[in-house]
Amino acid sequence: MSASLETSPLMRQLIMMCNDCVMRKNMYWKMSYKFQKLNNFVSIPLLVLSSVTGLTSVSQVSSTTANPAVLWVTAATGTLATFIAALQRCLRYGERGEQCKILAKRYADLGRKIDIKLDQFNSGALPEWTIKEIGQFADEMVQEFAKLLNETQLLILNSQP
């Protein structure tokens, strides 16, 4: 293992790319958790309101006389449930959370791949690794990273409410 290879700018770039992948992975996991919480924040009231609307509707059907208070509760909860359902559909928190989770996993895989190669090199498991082979590996990783960044931009653009 050559000392010049270990300290080469190419190796530093690989280390920086690995660190960038870790940072992005952590950021997308945090975003995924945030979107899942927001999704629950919208979904739980929607579930409660839909249940109340259904129960009051059933009580109206089974009743021989119409109770005005129950009619108003049914109308109000139905309207509110419809509004929250539209809001949930528009904001798409659940879908956006899943997209963030997928991105976090992809960045983690890329970072892990780079980290394993660097560990193999540093431990001497790749004594035959020359600057040419490091360059080829770095080119592959840069291409994968650029592809992932492009997919990230497309997902972000497609998930705008």
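Structural data are supplied above this passage.
Calculation rules
Residue numbers restart at each chain and count upward from 1, following the sequence in its written direction. Only residues with pLDDT of 70 or above have their local features reported here, since the model is predicted, and side-chain atom pairs are shown and tallied only from 80 upward, although totals for entire chains, interfaces and linings are computed over all residues. To get the side-chain values, take all heavy atoms of the structure and skip hydrogens and water. For helices the rule is a DSSP run of H or I covering at least 4 residues; for strands it is a run of E covering at least 2, with both sets numbered from the N terminus onward. Burial classes: relative accessible area under 20% of the type maximum marks a residue as buried, over 50% as exposed, and values in between as partly exposed (1.4 Å probe, protein chains only). The contact criterion used is simple: two residues touch if any of their non-hydrogen atoms lie within 4.5 Å. Any carboxyl oxygen of Asp or Glu within 4 Å of a side-chain nitrogen of Lys or Arg constitutes a salt bridge here. Any pair of Phe, Tyr and Trp rings, taking the six-membered ring for Trp, is counted once the centres come within 6.5 Å. Such a pair is stacked with planes under 30 degrees apart, edge-to-face with planes over 60 apart, and tilted for the rest.

**Q** Looking at this structure, how should I read the side chain of N39?
**A** Along the chain, the position of N39 falls in helix α2 (residues 9–62). We classify N39 as buried; its relative accessible area is 15%. Ignoring anything within four residues of it in the chain, the contact list for N39 reads Q88, Y93 and G94.

**Q** Would you explain the pattern of salt bridges in this entry?
**A** A side chain of one charge can pair with a side chain of the opposite charge when the charged atoms of the two come close. Scanning the model with the defined rule gives six salt bridges in all. A salt bridge links R92 to E95; its shortest N-O distance comes to 3.5 Å. Given the relative accessible area of 37%, E95 is considered partly exposed.

**Q** It is not clear to me how unusual backbone geometry should be interpreted in this structure. Could you clarify?
**A** Apart from glycine, the bulk of residues carry a negative phi angle, and the bulk of peptide bonds sit in the trans form. Residues other than glycine seldom take positive phi values, yet R92 does so here, at roughly 50 degrees. Structurally, the position occupied by R92 is in the loop between α3 (68–91) and α4 (93–123).

**Q** Would you take a moment to explain the side chain of T56 for this structure?
**A** Position of T56 relative to the elements: it lies in helix α2. Dropping the residues within four chain positions of it, T56 is found in contact with V70, V73 and T74.

**Q** Would you mind showing me how to read the environment of Q136 here?
**A** Looking at where Q136 falls in the secondary structure, it is placed in helix α5 (residues 131–158). Relative accessible area serves as the criterion here: at 42%, Q136 is assigned to the partly exposed category. In this structure the C-alpha to C-alpha distance between Q136 and E151, which are 15 residues apart in sequence, comes to 23 Å.

**Q** Would you mind showing me how to read the packing of aromatic side chains here?
**A** We describe a pair of aromatic rings using the distance from one ring centre to the other and the angle between the two ring planes. Counted by the stated rule, this structure contains four aromatic pairs. Relative to Y33, the ring of W29 has its centre 6.0 Å away and its plane inclined at 25 degrees; by these criteria the two rings are stacked. Of this pair, W29 and Y33 both sit in helix α2, four residues apart, roughly one helical turn. Between the aromatic rings of Y107 and F145, the centroid separation amounts to 6.1 Å while the plane-to-plane angle is 70 degrees, which identifies the pairing as edge-to-face. One end of the pair, Y107, is in helix α4; the other, F145, is in helix α5, and 38 residues separate them in sequence. With a relative accessible area of 0%, Y107 lands in the buried category. One aromatic cluster is present, formed by Y28, Y107 and F145 through successive ring pairs.

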